[in-house]
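This is what each chain is made of:
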Amino acid sequence: MSGYADPVGRADDLRAEVTRRLDELVDGLGEDAAPGKIYVGWFDAADVAGCPTRFRAAGTEGWDFPGWSPQTAGGTVGRAALARYLDRNVTPAAAAPGADPALPHPLDAVKQWMREARGTPTSSIAEWVTKLWRFGERADLAATAALATRWVAGFVRVLGWPLPEGLALVVDDPGSPSARRGTPPWRPRLAARRVPVTIGSKPDAVIGTVAPSGGFDVVFHRPNSGDELALTERAAFEATAAALAIGIVPRDVVLTTADTGEKLRFPVRDDLLDCGVRLAVDVVRQRLRASEPLAPGVAEHDDAVPSAACRYCPERATCPPGLAWLDRPGRWHNGLPVLAG
Ligand code: SF4
């Protein structure tokens, strides 16, 4: 059961609120500003929450999808390979009557998908894998297969086997009975039309039927626990972005982590949605600020948030707050701690 009596009405309210807040932001934009298309996804929201100054400085190269690489393709290939394995071995039409479905061998499932994708590429990820194969990019193929294998193994480990009833993987490939296509991102109809904004959420899987009752969960699988922001913020952003895109508030957001075996469930309530709205709107705010000259009296680094990330930040040579943080005693420089003077 959804936490809301009317999950569709709540999603409508959410859309109206986000539209109003974005209109307010765009109203204050100078005539000459040209922010271009603004896509708001989790990585953008996490970047802004981590350090707004760094996010603005990243520019188009940092904001746009960087293209397929083993790192960006591992999860997508893993989902597609697992979906094909389920189609062939686990769906009622494929499984032997009365038999328990056999646990997939992750590397075999990935290799099988890659072989078949090369024959009939029907998605952008399959086309990319085919191109690697044609040009003999063996190292990238091997790295992609390794990351995809790790994704499949981790997903099955944390979600359990057989996978939860009603689970559908989200894939680009059409026609898989074990999967569904991702929901297109939401495009608010702003009063000031010159800023095209889209807000999207890309779950790895959905559990339950996506219906107006809201009785479905969105699942996000992470191979590493990493150093993401608080997981509540991840859940908040994904709950909000999914509700905006689908037009129905999901019941729960489920976050899993392969290396720690975590499986955390976040019921979607107002506090989570409020936090998600703030994160999404902040991305647009920063993109608009980056599109205009600085207002008089405003310093470029006035909202910098120094942290351990300063060590790897491209701005670190020119960012006073970052430099001050790095120069404090106890920080590390070139592999050695900076000693107190
Ligand atoms: S150096 Fe640190 S504080 Fe400065 S922009 Fe980079 S991450 Fe932010």
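Residues numbered from 1 in each chain as written. Predicted model: local features only at pLDDT ≥ 70, side-chain atom pairs only at ≥ 80, totals over all residues.

Looking at the site of the ligand
Next up, step 1: In the vicinity of the ligand lie 14 residues, with Cys51, Cys310, Cys313, Cys319 and Gly322 positioned nearest.
Next up, step 2: Tallied by class, residues from the shell around the ligand come to nine nonpolar, two polar and three charged.
Next up, step 3: Shared between two domains, the shell around the ligand holds at least three residues of each, these being domain 1 (1-305) and domain 2 (308-337). (Near = placed C-beta within 6 Å. Nonpolar A, V, L, I, M, F, W, Y, C, P; charged D, E, K, R; others polar. Domains from an automatic or database assignment.)

Quick look at the domain arrangement of the chain
Next up, step 1: By the assigned domains, the chain splits into domain 1 (1-305) and domain 2 (308-337).
Next up, step 2: Inter-centroid distance (C-alpha atoms) of domain 1 to domain 2 is 31 Å.
Next up, step 3: Listed per partner, the contact involves seven residues of domain 1 and seven residues of domain 2.
Next up, step 4: Considering each element in turn, the side of domain 1 that touches domain 2 owes the most residues, three residues, to helix H3 (residues 52-63).
Next up, step 5: Here the side of domain 1 that touches domain 2 is composed, by residue class, of three nonpolar, three polar and one charged. (Contact = placed C-beta atoms within 7 Å. Helix = DSSP H or I, 4+ residues; strand = E, 2+ residues; numbered from the N terminus.)

Brief notes about helix H5 (residues 106-119)
Next up, step 1: Over its 14 residues, H5 extends 21 Å from the first C-alpha to the last, a length consistent with the 20 Å expected when each residue adds 1.5 Å.
Next up, step 2: Among all positions of H5, only Pro106, Ala109, Val110, Trp113, Met114 and Ala117 are buried. Viewed end-on, H5 has its buried residues packed into an arc of 130°, placing them on one side of the element. Opposite the buried face of H5, at more than 90 degrees from it, the exposed residues are Arg115 and Gly119.
Next up, step 3: Packed against the buried residues of H5 are helix H4 (70-89), helix H6 (124-134) and helix H7 (138-159). (Expected span 1.5 Å × (residues − 1). Buried ≥ 20, exposed ≤ 12 C-beta atoms within 10 Å, placed from the backbone. Arc of directions from axis to C-beta.)

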